[in-house]
Amino acid sequence: MKLVAGLGNPGPDYERTRHNAGFMALDVLLRRHGLSGGKVKNEAFNLTADINGRQCLLVKPLSYMNLSGRPIRAFMDFYKMPPEDLLVIHDDIDISLGDVRYKTGGGHGGHNGLKSIMAELGTAEFHRVRIGVNRPPAGWDASNHVLSPFLAEEAEAVKEALEKAAELIEKKFLG
């Protein structure tokens, strides 16, 4: 089994923010495969599905970004999954809006969700899909930027990036 975790913050206040790019990309993946339903367990929305002939656990931690590692680790422990069976989808301020990158391992780059996951798992050796959300404008700090919604003029680039993210997951991790 493979675990695909989209990172974000729960609730309507955060729904369309940059920090919720992981939630949004996971929603696109669900939609592409006609998946719905799911349940809440271990502080996370989760759904088991078959994608490209692979059994997957699709997860959205509901513990807020800074504690994302706790629910992810609970599922990995329950299913006895090694870190190489985990893919995390997250926003990245060091990547331009509209750009999406796949990588395995590496640092957290200041991302609190990744810090939490690395602390819980004791390793950084898991797969990632990084969705570019741009650096903050002059005078803004990073947390204000990632907790702000995408602008109307960014909508098309965001939509395309989320589709690219779902495609990367399908081809590189679940292919």
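For the structure, see preceding data.
Note on numbering: residues in each chain are counted from 1, in written sequence order. Local features in this predicted model are restricted to residues whose pLDDT is 70 or higher, and side-chain atom pairs enter the listing and the counts only when it is 80 or higher, whereas totals over whole chains, interfaces and linings include all residues. Hydrogens are left out, water is left out, and the side-chain values use all remaining heavy atoms of the structure.

**Re the overall build of the protein chain**
Next, step 1: Along the protein chain, the regular secondary structure elements total five helices and seven strands.
Next, step 2: In summary, the protein chain has a C-alpha radius of gyration of 15 Å against a globular reference of 16 Å for 175 residues, a match within 12%.
Next, step 3: Dimensions of the protein chain, computed from the C-alpha atoms along their principal axes, are close to 45 × 35 × 30 Å.
Next, step 4: Partly exposed residues are those whose accessible area sits between 20% and 50% of the maximum for their type, while under 20% is buried and over 50% is exposed, using a 1.4 Å probe and protein chains only. Considering the protein chain as a whole, with its 175 residues, one finds that 50% of them fall into the buried category.
Next, step 5: Should any heavy atoms of two residues lie within 4.5 Å, those residues are considered in contact. Within the protein chain, counting contacts between residues at least 6 apart in sequence, those at least 24 apart form 69% of the total. Only runs of H or I of at least four residues qualify as helices and only runs of E of at least two qualify as strands under DSSP, and these elements are numbered from the N terminus. The atom set for the radius of gyration is the C-alpha atoms, and the globule formula is 2.2 Å times the number of residues raised to the power 0.38.

**Observations concerning the packing of helix α1 (residues 21–32) against helix α5 (residues 155–173)**
Next, step 1: Axes here refer to lines fitted to C-alpha atoms; in helices the fit is confined to the stretch in contact. Angles between the N-to-C directions go from 0 to 180 degrees. Taken N-terminus to C-terminus, the directions of α1 and α5 make an angle of 65 degrees; their axes are 8 Å apart at the nearest point. One finds that α1 runs roughly perpendicular with respect to α5. Crossing of α1 against α5: the hand is right-handed. The segment α1 lies against α5, with A21, M24, A25, V28, L29 and R32 engaging L162, E163, A165, A166, E167, I169 and E170.
Next, step 2: Residues are grouped as follows: Ala, Val, Leu, Ile, Met, Phe, Trp, Tyr, Cys and Pro are nonpolar; Asp, Glu, Lys and Arg are charged; all remaining types, including Gly, are polar. Residues of the contact of α1 with α5, tallied by class, amount to nine nonpolar, no polar and four charged. Here the word oblique covers every angle except those under 35 degrees (roughly parallel), over 145 (roughly antiparallel) and from 65 to 115 (roughly perpendicular). Rotating anticlockwise by less than a right angle from the far helix to the near helix defines a left-handed crossing, while the corresponding clockwise rotation defines a right-handed one.

**Some words on the pattern of salt bridges**
Next, step 1: What counts as a salt bridge is simple: a side-chain nitrogen of Lys or Arg found within 4 Å of a carboxyl oxygen of Asp or Glu. This structure, assessed with the given rule, holds 12 salt bridges.
Next, step 2: Between K2 and D85 there is a salt bridge, with its nearest N and O atoms 3.3 Å apart. Residue K2 is located in strand β1 (residues 2–6), and its partner D85 is located in the loop between α2 (69–79) and β5 (86–92); the two are separated by 83 residues in the primary sequence.
Next, step 3: What makes D85 buried here is its relative accessible area of 17%.
Next, step 4: The closest approach of N and O atoms between R70 and E43, which form a salt bridge, is 2.7 Å. Here E43 lies in the loop between β2 (39–41) and β3 (44–51) and R70 lies in helix α2, a separation of 27 residues in the sequence.
Next, step 5: Given a relative accessible area of 37%, R70 falls into the partly exposed group.
Next, step 6: Through salt bridges with shared partners, a single ionic network connects R32, E163 and E170.

**Topic: the side chain of H145**
Next, step 1: The topology assignment puts H145 in helix α4 (residues 142–146).
Next, step 2: With relative accessibility at 4%, the residue H145 sits in the buried group.
Next, step 3: Nitrogen and oxygen atoms within 3.5 Å of one another constitute a polar contact, given that in protein one can donate a hydrogen and the other can accept it, and given that sequence-neighbouring residues count only through two side-chain atoms. For H145, the side chain forms a polar contact with the main-chain oxygen of N134, separated by 2.9 Å.
Next, step 4: Those residues in contact with H145 that lie beyond four places of it in its chain are R18, I93, V133, N134, R135, P136, P137 and W140.

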